[in-house]
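Fold and geometry: a report
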Amino acid sequence: MPKPAPAISQIDGLNVRPSGPWIKKKYHYLKSYCDIFTRAMGKMWAPSALTFIDLFSGPGRCLIKQTGEDLEGSSLIALQYGFSDYIFVEQDRAALNALKTRCQNSPKRKNISFIQGDCNLVIDQVIEQLHPQGLTLAFIDPAKINIKFETVKRLTEDRRVDLLINIMDGMDIKRNFVRYKKQGNRSRLGEFLGGNVPWAKLRKPSDAVDLYKDRIKDLGYKTVEFKDIPVYNTRQAPMYFLFFASKHDRGTVFWKKITVKDDQGQIEFL
Ligand SMILES: C[S@@+](CC[C@H](N)C(=O)[O-])C[C@H]1O[C@@H](n2cnc3c(N)ncnc32)[C@H](O)[C@@H]1O
């Protein structure tokens, strides 16, 4: 079947990613974390060592189907904050080309690396761009759980990388749990969890999420208290949640601070 024509932005005539109103919640926390992280850490770190990585960049804009709102996507959002360097990875060539065009007029264009490909396969190219003593925020925003644990492990090994991961719990883990269990370690869930999974102990989808958190902790994210931000669709069905992890207490303090209130300014009761 031929690929459907991409949606086009009324703002700049380039590809745009269709989404729903829930995306605003995700962007609220992304913006808040970029803000607190760059303001606090930019002062302490060498100026050329604060990097933002977007492993699933998209084309740079998204369109909320229900309202017609045409919003900047994660990569363009991050450009507004005080990172010194940016690495944008996207598998889809047309989407990456749209993103490149959108970044052409950015004053930071010389500090952006664009990498086309499956982030699980090109992660070494990403690592090569990182300053050895740098501090990094990695935003990992797949539409399924197609981020392999091995990729996260390689990216974070011996490096200071805060992780903000969109975990497709309702949209993928719950929906496909039975099939993934049957397929075992080579299933998408098996690779997401890093293989060698004690499947018999995973009785329900939330057991898989708990195992994921334990394995992230084992990568050195020991000081983290996890505080998840669930995101619901318009029928209030849980779709995914944002999961934050830092190796440093300070990251955890920042995350707690920005999640006291939700995107509507209400106190969060999690
Ligand atoms: C949910 S969208 C990301 C949206 C973007 N972060 C934003 O907020 O504007 C997921 C994107 O990841 C891309 N993608 C899917 N699998 C990928 C992979 N393995 N590596 C890199 N990009 C991938 C898709 O083409 C899609 O553009």
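Look up: the structure comes first, before these words.
Residues numbered from 1 in each chain as written. Predicted model: local features only at pLDDT ≥ 70, side-chain atom pairs only at ≥ 80, totals over all residues. Heavy atoms only, no water.

For helix α9 (residues 249–258), the full list of buried residues reads Gly-251, Thr-252, Phe-254, Trp-255 and Ile-258. Viewed along the axis of α9, the buried residues span an arc of 160°, placing them on a single side of the element. (Buried < 20%, exposed > 50% of the residue type's maximum accessible area, 1.4 Å probe, protein only. Helix = DSSP H or I, 4+ residues; strand = E, 2+ residues; numbered from the N terminus. Arc of directions from axis to C-beta.)

Take the packing of aromatic side chains next. One pass over the full model with this rule turns up 15 aromatic pairs. With a centroid separation of 5.9 Å and 55° between ring planes, the pair formed by Tyr-86 and Phe-88 is classed as tilted. Here Tyr-86 matches Phe-88 in class, with each residue buried. Aromatic side chains Phe-244 and Trp-255 sit 4.9 Å apart centroid to centroid with 15° between the ring planes, which places their arrangement in the stacked category. Of this pair, Phe-244 sits in strand β11 (residues 238–245) while Trp-255 sits in helix α9, and the two are eleven residues apart along the sequence. Given a relative accessible area of 2%, Phe-244 falls into the buried group. Residue class for Trp-255 comes out buried when judged on its relative accessible area of 1%. Among the aromatic side chains, those forming a connected cluster through ring pairs are Tyr-29, Tyr-33, Phe-37, Phe-52, Phe-83, Tyr-86, Phe-88, Phe-114, Phe-244, Phe-254 and Trp-255. (Phe/Tyr/Trp six-rings, centres within 6.5 Å; stacked < 30°, edge-to-face > 60°.)

Here helix α6 (residues 169–183) crosses helix α8 (residues 205–218) at 120°, and the two axes come no closer than 9 Å. Between α6 and α8, the angle falls in the class oblique. By crossing handedness, the relation of α6 to α8 is classed as right-handed. Contact with α6, carried on its side by Asp-169, Ile-173, Lys-174 and Phe-177, involves Pro-205, Ala-208 and Val-209 of α8 and no other residues of that element. Looking at the contact of α6 with α8 residue by residue, the classes come out as five nonpolar, no polar and two charged. (Axes fitted to C-alpha atoms, helices over the stretch in contact; angles between N-to-C directions. Parallel < 35°, antiparallel > 145°, perpendicular 65-115°, else oblique. Left-handed = near helix turned anticlockwise from the far one by under 90°. Contact = heavy atoms within 4.5 Å. Nonpolar A, V, L, I, M, F, W, Y, C, P; charged D, E, K, R; others polar.)

Per the stated rule, a full pass over the model turns up ten salt bridges. When the shortest N-O distance is used, the salt bridge between Asp-12 and Arg-102 registers 2.7 Å. You can see Asp-12 sitting in the loop between β1 (7–8) and β2 (15–19) and its partner Arg-102 sitting in helix α3 (residues 93–103), a full 90 residues away along the chain. Taking relative accessible area as the criterion, Asp-12 reaches 31% and is therefore assigned partly exposed. The partner of Lys-174 in a salt bridge is Asp-169, and the shortest N-O contact between them spans 3.8 Å. (Salt bridge = Lys/Arg side-chain N within 4 Å of Asp/Glu carboxyl O.)

All we've got here are geometric facts, nothing functional implied.
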